[in-house]
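Here's the letter readout for the chains.
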Amino acid sequence: MTFLKPSDRIYVAGHSGLAGSAIWRALQAQGYTNLVGQTSSTLDLRDHNATADYISSQEPDVIVLAAAKVGGIAANNDFPVDFISENLRIQTSVLDAALTNRVNRVLFLGSSCIYPKLAPQPINEDSLLTGPLEQTNQAYALAKIAGIVQVQSTRKQYGLPWISAMPTNLYGPGDNFNPAGAHVLPALLRRFHEATQSQAKEVQVWGTGSPRREFLHVDDLAAACIHLLKNYDDDIALNVGTGEDISIKELAEMIAQTTGFTGRITWDTTKPDGTPQKLLEVSRINATGWKASIDLANGLKSTYQWYLDNVSTLRT
Ligand code: GDP
């Protein structure tokens with residue numbers, strides 16, 4: 001049995017963002033062409049009434065909730081109230097309207113930062129709500145946990161087959177390369193690229209280099225989302241990752257190589273490391289028949305090429 005029909009009208013909330021645009025592309029490529037979306041300039045999802053009106057007027061069969069206020073460690077640390085308040089409002093607007101309209105299938109996307117800072121690695125879905133969160137992104141994480149619970153509560157109270165997925169750190173075409181807001185991978189791609197261009201002798205990277213992170217290409221995430229929409233119907237917010245992590249030091253070295261930088265790498269230890277390791281256990285999603293397929297070396301290469309092709313029109 002599949003929950004997704006080719007004729008379904010699918011609303012991708014956040015379809016111009018990193019995750020949403022990849023999901024939109026993948027849906028189109030698989031023949032799902034009845035897609036709808038709005039950019040934030042035409043629909044403010046923090047506005048409960050405007051969102052309710054939009055969803056009622058579109059009558060979607062399926063909603064993918066990929067809209068969120070996201071950012072790297074510095075943005076999360078410096079603007080926590082924006083992250084908790086905006087994400088709670090976006091989620092509540094979309095999920096409330098989805099329920100009012102009895103939208104049958106909803107996929108809510110969260111993040112691997114929902115897990116306790118010191119969760120055993122690799123992190124199993126059962127670690128949710130078992131310990132204190134990492135301070136630098138607690139506000140964002142709590143909003144995402146609230147979203148998971150809203151989805152689970154809707155399943156329990158109304159019996160609708162809504163689901164949630166928790167991707168690890170994402171990267172790929174359409175990422176945010178702005179140093180102030182970016183996550184580590186796009187931030188370093190840009191910094192090493194610019195250093196190579198200017199023939200700088202040194203590039204400074206934040207923290208100690210010892211934290212470990214897992215990186216998932218957005219096209220892999222998009223494939224996972226469609227797979228879950230077709231096949232998955234359970235309470236558990238499923239981890240979506242590669243099952244492999246690397247240290248920030250190793251990542252910096254890979255990015256230096258990708259961009260052709262041959263100078264020195266130094267470490268700014270006044271910047272926070274964040275959580276020491278974030279590696280998802282992916283046996284549950286693998287058992288449903290999905291596995292990541294883009295390895296980091298290839299994903300970095302193609303993302304760097306995308307950056308070079310689009311650098312002149314990127315957000316600064
Ligand atoms: P996190 O996974 O929530 O900690 O988010 P990030 O992707 O922003 O950061 C991951 C790790 O990369 C942290 O240990 C950062 O200190 C480190 N890092 C090193 N250089 C940078 C940088 O230029 N930007 C960002 N965002 N992180 C960096």
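In case you missed it, the structure is sitting above this.
Residues numbered from 1 in each chain as written. Predicted model: local features only at pLDDT ≥ 70, side-chain atom pairs only at ≥ 80, totals over all residues. Heavy atoms only, no water.

Peer 1: Would you explain helix α10 (residues 296-310) in this entry?
Peer 2: Structurally, the α-helix is built with 3.6 residues per turn, so residues lying three or four positions apart point the same way. Taking 1.5 Å as the rise per residue, α10 with 15 residues should run 21 Å; its terminal C-alpha atoms sit 21 Å apart, in good agreement. Burial in α10 covers these residues: L296, G299, L300, T303, Y304 and Y307. Buried residues of α10, seen end-on, are gathered within an arc of 130° and therefore sit on one face of the element. Set apart from the buried face of α10 by more than 90 degrees, the exposed residues are K301 and D309. The residue sitting at the N-terminus of α10 and contributing the capping side-chain oxygen is D295; that oxygen lies 3.2 Å from the backbone nitrogen of A297. (Helix = DSSP H or I, 4+ residues; strand = E, 2+ residues; numbered from the N terminus. Expected span 1.5 Å × (residues − 1). Buried < 20%, exposed > 50% of the residue type's maximum accessible area, 1.4 Å probe, protein only. Arc of directions from axis to C-beta. Polar contact = N/O pair within 3.5 Å; in protein donor to acceptor, adjacent residues only side chain to side chain.)

Peer 1: Would you take a moment to explain the sheet that holds strand β8 (residues 212-213) for this structure?
Peer 2: Strand pairing in a sheet relies on backbone hydrogen bonds, with the paired strands running either antiparallel or parallel. An order of β11-β8-β13 is seen for the three strands of this open sheet, with the pairing classed as mixed. Each edge of the sheet is formed by a strand with only one pairing partner; in this case those strands are β11 (246-247) and β13 (277-278). Two strands pair when backbone bridges link them, and β8 and β13 are joined in this way by two bridges, in the parallel orientation. Pairing of R213 across the sheet is with K278, part of β13. (Pairing = 2+ DSSP bridges.)

Peer 1: Even after reading the chapter, I still don't get the sheet that holds strand β3 (residues 62-65), so can you show me in this structure?
Peer 2: Reading across from one edge, β2-β1-β3-β4-β5-β10 is the order of the six strands in this open sheet, with parallel pairing throughout. Looking at the sheet topology across the chains shown, the edges are occupied by β2 (35-36) and β10 (238-240).

Peer 1: Explain the nonpolar core here, please?
Peer 2: Across soluble globular proteins, you tend to see nonpolar side chains buried next to one another. Counting residues in hydrophobic clusters, the biggest one holds 72 residues, and the most contacted among them are I10, Y11 and L109. It is helix α7 (residues 218-231) that contributes the most residues to this core, eight residues altogether. Ignoring anything within four residues of it in the chain, the contact list for I10 reads L4, L27, Y32, N34, L35, V36, V62 and V64. Counting 22 residues, the second largest nonpolar core, distinct from the first, contains L185, V205, A252 and L296. (Core = buried A, V, L, I, M, F, W, Y, C linked by side-chain atoms within 4.5 Å. Contact = heavy atoms within 4.5 Å.)

Peer 1: When you look at the packing of helix α6 (residues 184-197) against helix α8 (residues 248-259) in this model, what are you seeing that I'm missing?
Peer 2: When two helices pack together, you describe them by how their axes are tilted relative to each other and by the distance separating the axes. The N-to-C vectors of α6 and α8 enclose an angle of 45°; their axes lie 9 Å apart at closest approach. As the angle between them shows, α6 and α8 are arranged oblique. Taken as a pair, α6 and α8 cross one another with a handedness that is right-handed. Contact residues: V184, L185, L188, L189, F192, H193 and T196 in α6; I248, L251, A252, I255, A256 and T259 in α8. Its residues placed into classes, the contact of α6 with α8 shows ten nonpolar, three polar and no charged. (Axes fitted to C-alpha atoms, helices over the stretch in contact; angles between N-to-C directions. Parallel < 35°, antiparallel > 145°, perpendicular 65-115°, else oblique. Left-handed = near helix turned anticlockwise from the far one by under 90°. Nonpolar A, V, L, I, M, F, W, Y, C, P; charged D, E, K, R; others polar.)

Just geometry here; none of it tells us what the structure is for.
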